[in-house]
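Chain residues, written in single-letter form:
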Amino acid sequence: MTEKVRVAVAQIAAYPEDSVATAEKVVTTLREAAAGGARLVVFPEALLGGYPKGASFGAPIGMRRPEGREAYRRYHAAAIDLDGPEVGMIAAVTAETGQFVVIGVIERDGGTVYCTALYFDGEKGLVGKHRKLMPTAAERLIWGFGDGSTLPVFETPYGTVGAVICWENYMPALRMYMYHQGVTIYCAPTADDRDTWIPSMQHIAMEGRCFVLTACQHITRKAYAGDHESALGDDPDLVMMRGGSAIISPLGQVLAGPDFAGETVLYADLDMGEIARGKYDFDATGHYSRPDVFQLSVDTRPKRAVSTI
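Since this is a predicted model, take the numbers as computed values, not measurements.

Enquirer: When you look at the overall build of the protein in this model, what are you seeing that I'm missing?
Expert: Along the backbone of the protein there are seven helices and 14 strands. Computed over the C-alpha atoms, the radius of gyration of the protein is 19 Å, within 12% of the 19 Å expected from 2.2 N^0.38 for a compact globule of 309 residues. Counting only C-alpha atoms and orienting by the principal axes, one finds that the protein spans roughly 60 × 50 × 40 Å. Across the 309 residues that make up the protein, the buried fraction comes to 53%. In the protein, of all internal contacts separated by at least 6 residues, the share reaching a separation of at least 24 is 69%. Only carbon and sulfur atoms are counted for the fraction: they give 54% of the accessible area of the protein, which is about 13,700 Å². Across the protein, 29 positive and 38 negative side-chain charges occur, with their mean positions spaced 4 Å apart.

Enquirer: When you look at the environment of Ile142 in this model, what are you seeing that I'm missing?
Expert: Relative to the assigned elements, Ile142 resides in helix α4 (residues 139-142). For Ile142, a relative accessible area of 7% gives the class buried. The spacing of Ile142 and Cys115 is 27 residues in sequence and 9.5 Å in space, taken between C-alpha atoms. The residues contacting Ile142, other than those within four sequence positions of it, are Pro52, Phe57, Tyr72, Tyr75 and Val113.

Enquirer: Would you explain the sheet that holds strand β13 (residues 254-259) in this entry?
Expert: By definition, the strands of a sheet pair up through backbone hydrogen bonds, in either a parallel or an antiparallel sense. Pairing is mixed in the open sheet, where six strands are placed in the order β6-β7-β8-β9-β12-β13. This sheet does not close on itself; its edge strands, each paired only once, are β6 (153-156) and β13. Taken over all neighbouring pairs, the strand axes of this sheet differ in orientation by 15° on average, direction set aside. Across the sheet, helix α5 (residues 172-180) lies against β6, β7 (159-163) and β8 (185-190), angled at about 145° from β8, the strand it touches most. Here helix α6 (residues 197-208) sits on the sheet in contact with β8, β9 (211-216), β12 (245-248) and β13, set at roughly 155° to β9.

Enquirer: When you look at the packing of aromatic side chains in this model, what are you seeing that I'm missing?
Expert: Counted by the stated rule, this structure contains nine aromatic pairs. Through successive ring pairs, a cluster of aromatic residues spans Phe100, Tyr119 and Phe154. For the cation-ring pair, Arg131 lies above Tyr114, with the distance from its terminal atom to the ring centre recorded as 3.7 Å. Here the guanidinium or amino end of Arg242 rests over the ring plane of Phe260, the centre of that ring lying 4.1 Å away.

Enquirer: How should the side chain of Arg175 be read in this particular structure?
Expert: Structurally, the position occupied by Arg175 is in helix α5. A polar atom in the side chain of Arg175 sits 2.9 Å from the backbone oxygen of Asn169. Dropping the residues within four chain positions of it, Arg175 is found in contact with Asn169, Tyr170, Tyr186, His203, Ile204 and Glu207.

Enquirer: Got a minute to help me understand the sheet that holds strand β1 (residues 4-11) in this structure?
Expert: On the basis of which strands lie adjacent, the open sheet formed by six strands has the order β5-β4-β3-β2-β1-β14 and mixed pairing. Pairing within the sheet leaves two strands with one partner each, and these edge strands are β5 (126-131) and β14 (264-271). The sheet shows a mean angle of 30° between the axes of neighbouring strands, direction not considered. The pairing of β1 with strand β2 (residues 40-42) spans three bridges and is classified as parallel. For Ala8, the partnering residue across the bridge sits in β2 and is Val41. Sheet contacts for helix α3 (residues 85-97): β3 (100-109), β4 (112-121) and β5; angle to β4, the most-contacted strand, approximately 15°.

What counts and what doesn't
- Residues numbered from 1 in each chain as written.
- Predicted model: local features only at pLDDT ≥ 70, side-chain atom pairs only at ≥ 80, totals over all residues.
- Heavy atoms only, no water.
- Helix = DSSP H or I, 4+ residues; strand = E, 2+ residues; numbered from the N terminus.
- Rg over C-alpha atoms; globule rule 2.2 N^0.38 Å.
- Buried < 20%, exposed > 50% of the residue type's maximum accessible area, 1.4 Å probe, protein only.
- Contact = heavy atoms within 4.5 Å.
- Areas by Shrake-Rupley, 256 points an atom, 1.4 Å probe, with all protein chains shown as cover.
- Lys, Arg positive; Asp, Glu negative; His and termini not counted.
- Charge placed at Lys NZ, Arg CZ, Asp CG, Glu CD.
- Pairing = 2+ DSSP bridges.
- Axes fitted to C-alpha atoms, helices over the stretch in contact; angles between N-to-C directions.
- Phe/Tyr/Trp six-rings, centres within 6.5 Å; stacked < 30°, edge-to-face > 60°.
- Lys NZ or Arg CZ within 6 Å of the ring centre and 35° of its normal.
- Polar contact = N/O pair within 3.5 Å; in protein donor to acceptor, adjacent residues only side chain to side chain.

These values are about where atoms sit, not about what they do.
Quick look at the structure:
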């Protein structure tokens, strides 16, 4: 395994209703990061397809308004298919640069959309995905629920890469399963830009004795369509998400960020030897686990609504 690797988190804004234009921006960002020496790049939650910040989709308790149904139709149309052009564009640039990429998307599957993290690995292209297990609060209205079949990690020359999306990071059992799989580069695409997010990421880095790369959009109201419902207001310069992306070491040191100033790419050089040095005195699924007292069972079977026999 390579002992040192340069990584990046891309704090960029989506074009929420134009996934192809957003993919073009991702391609440009990946080439920029490659020129900066980054071998692995993490992008924010729901970058392709958009995070509908401030929208309610016309759903008071017990009713659905027609304008909410139309808002969902537009959101469904802006989501991506895994065999669509956006995936092809990113696969082409990772083949060109050899980078490993984790990116948040809104994945369309029939009439349902999922908040998903996609994994790209150089010339191999799209190698896997993770669907968010637990959409938070009103996200449950518009996003489907992932199951245990999309909780992969991937071996790379510089470590084991896995992704946990936004408030899934507050699910102790999910974190434990990621540690069990040996994750060393823990990616956390998010839409949480609050001051409390970075302490949570530091905790996870120390708990898992892993590097944590968290990416959030920096996006203003003018990026959204004029008819986007925004509970935050409609001033074009209003900051809807303020970033706060960061890279954190296995002992909780912030190596890059958090940045709240605007769109940017943050870099850090990781010393992978820090993983073993950190686990010297704490290994959540090893010498510190007490399996005689605590055990976790994880069901990784896909759950389908219809099966044919």
